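Geometric and topological summary
Letter by letter, the chains look like this.
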Amino acid sequence: MTKEKHTVKPKILLGMGATLLLLLLTLVIYQVDTTEFAIVTQFGNPIRVVESPGLRVKLPDPIQSVQRLDKRVQVYQTTSIELLTLDKKSVSLDYYGTWKITDPVTFLKTVKDKIGAESRLLDVFSSSLGVQLGKYNLDQLVNTNQEQLKLDTILNDATAYAKERAAEYGIEVVDAQIRVLNFPEANKQSVYDRMSAEREQMAQKYRSEGSEEAAKIRADAEKEQQVLLAEAYAQAQQIKGEGDAEAIRIYGEAFQKDPAFYEFIRTLETYEKTIDGNTTLILPSTAEILKYLSGSQN
């Protein structure tokens, strides 16, 4: 029994020592991930920043502590805000911005954490967008003509302005984009009515211009038609005259060669023109026109 007690006691002491050593190690050794900054503070004051991943050593708490900050690009998105354009039109914006920490110590001293950073970014993004929108009219934000739109310019200038403002907090603004551009609910109906009236006025203008152009095209077409018809009629009359002259010449030649045959042909043509299945002729038997029908020829 005495021997067993002597054996167990060193094991207990060894276990307690290992536990104490492990506890001590957890107080002085810390790990840095590749996605974060590790800021070592001594009695609350930052003394160094560790950016590369791996295991590091510090003095135990509460002498030295470690605060971790995400070094990745983060997205900040807020609810709608109302801003005024240069022509005093109120618009509602839903936007988002991307940002990252570039100076961990300044960030920790000024905003402390992500919640504090987003609180400052709300003011930075809102003021930068407000300043830039105030330089342009509404039709430069919403327009079917791509050449009149200035949204890209507005966003680029707003991002540059926000970068300048955010740098004092150890933050770099990467980008800013508008998700939704709308009108405040109270103003929507009046804006839609005005837009509808403007579009109707524009439609009336286009219809008037279209009608005027159509009338001009019809007038030109009718004029050209009359010219073509006149030219065609003149050409037809010329051809007809030439045909009649040729016919007279042929008839004259035929009459000179055989007057009796010529007279016979002309009489047949007269029959063809005056007599059909529904024709009834009442003529004296001595009528010249009947001489070939009656069979009596002088």
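The written sequence of each chain sets the order in which its residues are numbered from 1. Given that the model is predicted, a residue must reach a pLDDT of at least 70 before its local features are reported, and side-chain atom pairs must reach 80 or more before they are shown or counted; all residues, however, enter totals for whole chains, interfaces and linings. Excluding hydrogens and water, the side-chain values take into account all heavy atoms of the structure.

1. Some words on the confidence of the model for the chain
Basically, it comes down to this: Within a predicted model, pLDDT stands for the predictor's per-residue confidence, ranging from 0 to 100. Each helix corresponds to a stretch of at least 4 residues labelled H or I by DSSP, and each strand to a stretch of at least 2 residues labelled E; elements are numbered beginning at the N terminus.
Mean pLDDT over the chain stands at 82; residues scoring 70 or higher make up 80%. Of all the helices and strands in the chain, helix H7 (residues 291-294) carries the lowest mean pLDDT, 59, while helix H2 (residues 104-110) carries the highest, 94.

2. Some details on the packing of helix H3 (residues 114-133) against helix H4 (residues 151-166)
Convention followed: In this description, a line fitted to the C-alpha atoms serves as the axis of each element, helices being fitted only across the stretch in contact, and the angle between N-to-C directions of two axes falls anywhere from 0 to 180 degrees. For classification, angles of less than 35 degrees are called roughly parallel, those exceeding 145 degrees roughly antiparallel, those between 65 and 115 degrees roughly perpendicular, and all remaining angles oblique. Crossings are assigned a handedness: left-handed for a near helix turned anticlockwise from the far helix by less than a right angle, right-handed for a clockwise turn. Residue contacts are counted whenever heavy atoms from the two residues lie within 4.5 Å of one another. Residue polarity is assigned by list, with Asp, Glu, Lys and Arg as charged and Ala, Val, Leu, Ile, Met, Phe, Trp, Tyr, Cys and Pro as nonpolar; anything else, Gly included, falls into the polar class.
Orientation of H3 relative to H4, taken along the N-to-C sense of each, is 140°, at an axis distance of 8 Å. By the criterion of interaxial angle, the relationship of H3 to H4 is oblique. Handedness of the H3/H4 crossing: right-handed. Contacts between H3 and H4 involve Asp-123, Val-124, Phe-125, Ser-127, Ser-128, Leu-129, Val-131, Gln-132 and Leu-133 from the first element and Ile-154, Leu-155, Asp-157, Ala-158, Tyr-161, Ala-162, Arg-165 and Ala-166 from the second. Of the residues belonging to the contact of H3 with H4, the class tally is 11 nonpolar, 3 polar and 3 charged.

3. Things to note about the side chain of Ser-128
Definition in use: Each residue is placed in one exposure class: buried if its accessible area under a 1.4 Å probe, protein chains only, is under 20% of its type's maximum, exposed if it is over 50%, and partly exposed if it falls in between.
Note that Ser-128 resides in helix H3. Looking at Ser-128, the relative accessible area reads 1%, which means it is buried.

4. With respect to the sheet that holds strand E3 (residues 45-50)
Strand pairing in a sheet takes place through backbone hydrogen bonds and is either antiparallel or parallel in direction. We apply this condition: For two strands to be treated as a pair, DSSP must find at least two bridges joining them.
What the 3 strands build is an open sheet, ordered E3-E2-E5; its pairing is antiparallel. The outermost strands of the open sheet, each flanked by one partner alone, are E3 and strand E5 (64-70). Geometrically, the sheet is characterised by an average inter-axis angle of 30° between neighbouring strands, direction not taken into account. Alignment of strand E2 (residues 36-42) against E5, held across 7 bridges, turns out to be antiparallel. Within the sheet, the bridge partner assigned to Ala-38 lies in E5 and is Arg-68.

5. Some points on a negative patch on the surface
This is how the line gets drawn: Each patch is built from residues that are more than 30% exposed by relative accessible area and take part in no salt bridge. Like charges join if they lie within 9 Å; nonpolar side chains (Val, Leu, Ile, Met, Phe, Trp, Tyr) join within 5 Å. Surface accessibility in these figures is a Shrake-Rupley result with a 1.4 Å probe; residues are shielded only by whichever protein chains are displayed. Every case where a carboxyl oxygen of Asp or Glu lies within 4 Å of a side-chain nitrogen of Lys or Arg is listed as a salt bridge. Neither His nor the chain termini are counted; the positive set is Lys and Arg, and the negative set is Asp and Glu. Note that the charge is assigned to NZ on lysines, CZ on arginines, CG on aspartates and CD on glutamates.
On the surface, a cluster of negative charge is made up of Glu-209, Glu-212, Glu-213, Asp-220 and Glu-224. Within the secondary structure, Glu-213 sits in helix H5 (residues 185-257). Looking at Glu-213, the relative accessible area reads 43%, which means it is partly exposed.

6. Observations concerning the nonpolar core
The condition is simple: Side-chain atoms within 4.5 Å are what join buried Ala, Val, Leu, Ile, Met, Phe, Trp, Tyr and Cys residues into a set we call a nonpolar core.
In this structure, Trp-99, Phe-107, Leu-121, Phe-125, Leu-129, Leu-133 and Ile-171 are the most contacted members of the largest nonpolar core, which totals 33 residues. Residue assignment for this core shows that the elements contributing at least two residues are E2, strand E7 (81-84), strand E8 (90-101), H2, H3, H4 and strand E9 (171-182). At 6 residues, H3 tops the list of elements feeding residues into this core. In contact with Leu-133, other than residues within four places in its own chain, are Leu-83, Leu-84, Thr-85, Leu-86, Val-91, Leu-93, Leu-141 and Ile-154. Judged by nonpolar contacts, the second largest core, of 5 residues, contains Tyr-30, Ala-38, Val-40 and Val-50.

7. Examining the layout of surface pockets
Threshold: Put simply, the grid is 1 Å and covers the protein atoms alone, a cavity is a trapped set of points that fit a 1.4 Å probe, a pocket is an open set with protein on both sides within 12 Å along at least five of seven lines, and lining residues have an atom within 4 Å of a point. Grid points are joined across faces, edges and corners, and a volume is the space filled by probe spheres set on the points.
Of the pockets and cavities examined, the largest pocket occupies roughly 460 Å³. Lining the largest pocket we find 17 residues, and of these Asp-139, Val-142, Asn-143, Glu-198 and Arg-199 sit closest to its centre. The class makeup of the residues in the lining of the largest pocket is 6 nonpolar, 5 polar and 6 charged.

8. Description of the packing of aromatic side chains
Condition: Centres within 6.5 Å are what make two rings of Phe, Tyr or Trp a pair, Trp counting through its six-membered ring; a difference in plane orientation under 30 degrees is then read as stacked, over 60 as edge-to-face, and the rest as tilted. In this analysis the charged atom, NZ for Lys or CZ for Arg, is taken to sit over a ring once it is within 6 Å of the ring centre and within 35 degrees of the ring normal.
Counted according to the given criterion, the structure contains 3 aromatic pairs. Considering the side-chain rings of Trp-99 and Phe-107, the 6.3 Å spacing of their centres and the 15° angle between planes classify their relative orientation as stacked. Feature note: the residues Tyr-76, Tyr-95 and Phe-125 constitute an aromatic cluster, connected by ring pairs. Positioned over the ring face of Phe-37 is Lys-71, at 5.1 Å from the centre of the ring.

9. Digging into H4
What counts, and what does not: Here the expected span of a helix is defined as 1.5 Å times the quantity of residues minus one.
With 16 residues, H4 should reach 22 Å at 1.5 Å per residue; the first-to-last C-alpha distance of 22 Å fits that figure. Those residues of H4 that are buried lie in contact with H3 and E9.

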